[in-house]
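Descriptive analysis of the structure
Here are the chains, one letter per residue:
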Amino acid sequence: MARLVVQGGKPLQGSIPACGAKNAALPIIAATLLARGEVVLERVPDISDVAVMSDILRGLGVKVQFEGKGRMLLDTSNITTTTAPDELVRKMNASFDVAGPLLACYGEARVSMPGGCRLGPRPVDLHLEGFKKLGAEILSEGGYAHVRASGLKGAHIRFPKVSVGATKNCLMAATMAEGMTLLENCAREPEIGDLAEFLVKMGARIEGIGTTRLRVHGVERLHPAQHTIVADRIEVGTYLIGAAITGGDITLTECVPEHVAALLDHLREAGQEVSVGETSVRLQGRPIRALDVSTAPYPGFPTDLHPQLVAMLCLGDGTSTLQENIFSGRFMYVMELVRLGAKVKAEDRHVVIKGVSGLSGAPVDAPDIRAGGGLVLAALAAEGETVISGVEFVDRGYQDLEERLRSLGADIVRVQGPLPRVA
């Protein structure tokens with residue numbers, strides 16, 4: 001079993017480029033099923049979730065090849081089945097992204113209920129209701145959702161609540177529905193915008209990209225295209241918070257500063273010095289001031305930066321609060337921070353953080369992707385050695401995390417198997 005061993009107390013210093021966004025790459029990889037032929041994707045992050053999605057597509061008959069440096073080739077010419085491999089689908093929530101493209105292009109999809117991080121209920125009912133409005137029949141059998149249609153028809157779909165998953169799946173399905181589809185109350189995350197831009201390159205007709213109202217004019221077929229994945233705003237935010245919590249000075253390049261605007265506002269409010277370029281952000285760490293923060297759909301403060309920001313606020317001057325409005329199960333990391341000496345308490349969806357003068361290394365366990373990121377940041381700031389288990393979660397969302405942190409001066413290594421006993 002892999003673990004990360006961190007010797008804390010070293011400020012992060014230097015510059016690194018942003019990687020491609022996990023949450024854009026996964027639906028875009030799924031969207032390649034809408035065309036027959038070879039698709040070329042650039043800046044695909046080298047993370048385990050991408051490996052799982054690649055294996056799901058291989059199970060459907062897609063030829064997948066990686067050429068290094070984030071270049072991915074997918075040949076969708078010979079799809080052999082519309083049933084997604086159950087054992088892979090259960091590994092992550094985003095695996096359900098294949099349902100919309102399979103339904104649109106092949107008239108059928110059979111996908112089991114997805115798995116992933118333990119963040120609370122994430123049902124796919126809004127996806128299925130959208131498919132129904134487009135004319136699909138929904139069957140539930142043996143834990144699978146079986147959706148089928150002889151031909152999708154344009155429809156008016158208004159999501160009762162903002163849903164990233166339902167927005168992207170219904171958008172993909174609508175690209176080949178006959179007539180016009182109006183999607184309202186859509187999620188506006190940059191990753192959905194990146195998916196929409198890729199679909200347009202494939203020949204889709206989409207209006208209103210980046211807004212809550214998407215108008216999709218269905219086309220008979222889509223064609224292969226080449227696309228570069230947008231920068232990962234969550235990774236960018238994690239490293240910036242890392243500079244703040246360690247009192248460091250780092251620059252993230254090849255990113256979109258606008259995509260992390262809500263975070264930058266909070267970091268400035270917390271006393272950090274932030275400089276923004278056209279495609280770069282620099283943070284110079286300063287004493288951390290307390291904050292009151294609430295998570296919200298984009299362009300609000302992202303839930304995927306919640307644990308990382310809480311880790312930073314553990315070393316703040318005064319008492320901070322964070323209200324989690326997206327995922328009810330986002331709090332399993334709290335007791336792990338307490339192991340490091342933090343004074344953090346979670347009740348319902350509310351976190352209260354009383355700043356302390358320092359953290360101390362200890363064994364901790366990452367319960368999900370972003371909690372893992374937050375625990376790594378806390379370990380970087382803690383005095384002494386911290387051993388982090390649950391590395392398989394960290395690997396789902398962060399490319400080459402320890403190598404990239406070492407390039408910024410961190411003392412972090414990955415070890416396999418049991419740790420040696422201390423005499």
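The rules behind each value
- Residues numbered from 1 in each chain as written.
- Predicted model: local features only at pLDDT ≥ 70, side-chain atom pairs only at ≥ 80, totals over all residues.
- Heavy atoms only, no water.
- Helix = DSSP H or I, 4+ residues; strand = E, 2+ residues; numbered from the N terminus.
- Rg over C-alpha atoms; globule rule 2.2 N^0.38 Å.
- Buried < 20%, exposed > 50% of the residue type's maximum accessible area, 1.4 Å probe, protein only.
- Contact = heavy atoms within 4.5 Å.
- Areas by Shrake-Rupley, 256 points an atom, 1.4 Å probe, with all protein chains shown as cover.
- Lys, Arg positive; Asp, Glu negative; His and termini not counted.
- Charge placed at Lys NZ, Arg CZ, Asp CG, Glu CD.
- Phe/Tyr/Trp six-rings, centres within 6.5 Å; stacked < 30°, edge-to-face > 60°.
- Lys NZ or Arg CZ within 6 Å of the ring centre and 35° of its normal.
- Axes fitted to C-alpha atoms, helices over the stretch in contact; angles between N-to-C directions.
- Parallel < 35°, antiparallel > 145°, perpendicular 65-115°, else oblique.
- Left-handed = near helix turned anticlockwise from the far one by under 90°.
- Nonpolar A, V, L, I, M, F, W, Y, C, P; charged D, E, K, R; others polar.
- 1 Å grid on protein atoms, 1.4 Å probe; cavity = no way out; pocket = protein on both sides within 12 Å on 5 of 7 lines; lining within 4 Å.
- Points joined across faces, edges and corners; volume = space filled by probe spheres on them.
- Polar contact = N/O pair within 3.5 Å; in protein donor to acceptor, adjacent residues only side chain to side chain.
- Core = buried A, V, L, I, M, F, W, Y, C linked by side-chain atoms within 4.5 Å.

1. With respect to the overall build of the chain
- Within the chain, the secondary structure is distributed over 14 helices and 23 strands.
- Expected size for 423 residues packed as a compact globule is a radius of gyration near 22 Å; at 22 Å, the chain falls within 12% of this value.
- Counting every position in the chain, which comprises 423 residues, the buried fraction comes to 59%.
- The contacts of the chain with a sequence gap of at least 6 include a subset with a gap of at least 24, amounting to 72%.
- With the model as given, the accessible surface of the chain reaches about 16500 Å², and the carbon-plus-sulfur share is 48%.
- On the chain, the mean spot of the 44 positive side-chain charges and the mean spot of the 49 negative ones are 2 Å from each other.

2. Remarks on the environment of L315
- When you line up the elements, L315 lands in the loop between α10 (306-313) and β18 (319-323).
- Between the C-alpha atom of L315 and that of G358, which follows or precedes it by 43 residues, the distance is 6.4 Å.

3. Focus on helix α1 (residues 22-31)
- Burial of α1 is extensive: nine of the ten residues sit out of reach of the surface.
- All of the buried residues in α1 are K22, A24, A25, L26, P27, I28, I29, A30 and A31.

4. Let's talk about helix α4 (residues 99-106)
- Within α4, seven of the eight residues are buried, which leaves it mostly tucked inside the rest of the structure.
- By the burial criterion, the buried members of α4 are A99, G100, P101, L102, L103, A104 and C105.
- Packed against the buried residues of α4 are α1, α2 (48-60), β6 (108-112), α5 (125-133), β8 (144-148) and α6 (164-174).
- Of the residues trailing α4, G107 is marked for its positive phi of about 80 degrees.

5. Description of the packing of aromatic side chains
- Scanning all chains against the criterion turns up zero aromatic pairs.
- Seen from the ring of Y144, R110 lies directly overhead, with NZ or CZ sitting 4.0 Å from the centre.
- If you follow R370 out to its NZ or CZ, it ends over the ring of Y398, 5.1 Å from the centre.

6. Description of the packing of α10 against helix α12 (residues 369-381)
- Where α10 meets α12, the axes come as close as 7 Å, and the angle between the chain directions of the two elements is 20 degrees. For the element pair α10 / α12, the angle class is roughly parallel. Note that α10 runs across α12; the crossing there is right-handed. Within the contact between the two elements, α10 uses P307, Q308 and A311 and α12 uses R370, A371, G373, G374, L377 and A378.
- Here the residues of the contact of α10 with α12 are counted per class, giving five nonpolar, three polar and one charged.

7. Topic: unusual backbone geometry
- A cis amide bond, omega 15 degrees, links Y298 with the succeeding residue P299.
- As for its placement among the helices and strands, P299 is situated in the loop between β17 (292-294) and α10.
- Unusually for a residue other than glycine, E254 sits at a positive phi of about 55 degrees.
- Considering the arrangement of structural elements, one finds E254 in the loop between β14 (249-253) and α9 (261-269).
- Phi is positive for D348, close to 55 degrees, though the residue is something other than glycine.
- When you line up the elements, D348 lands in the loop between β19 (343-347) and β20 (350-354).
- By relative accessible area, D348 is classed as exposed at 71%.

8. As for the layout of surface pockets
- Volume-wise, the second largest pocket comes out at about 290 Å³.
- V44, D46, K69, G70 and Q399 are the residues nearest the centre of the second largest pocket, which is lined by 20 residues in total.
- Those elements giving two or more residues to the lining of the second largest pocket turn out to be α2 and β4 (63-68).
- At three residues, α2 tops the list of elements feeding residues into the lining of the second largest pocket.
- Here the lining of the second largest pocket is built from residues that sort into nine nonpolar, five polar and six charged.

9. Quick look at the environment of R233
- As for its placement among the helices and strands, R233 is situated in helix α8 (residues 233-246).
- Overall, R233 belongs to the buried group, its relative accessible area being 9%.
- Residues R233 and H146, spaced 87 residues apart in sequence, show a C-alpha to C-alpha distance of 34 Å.
- When sequence neighbours within four positions are dropped, the list of residues in contact with R233 reads E189, P190, E191, H259, V260, Y298 and P302.
- A polar contact is formed between the side chain of R233 and the side chain of E191, at a distance of 2.7 Å.

10. Structural notes on the nonpolar core
- In terms of nonpolar packing, the biggest core is built from 77 residues, with V98 and L199 touching the most fellow members.
- With seven residues, the top contributor of residues to this core is α1.
- Not counting the four nearest positions on each side in its chain, V98 is found in contact with A30, L33, M53, I56, L57, A84 and V111.
- I250, L263, L315 and A410 belong to the second largest nonpolar core, which has 71 residues in total.

These values are about where atoms sit, not about what they do.
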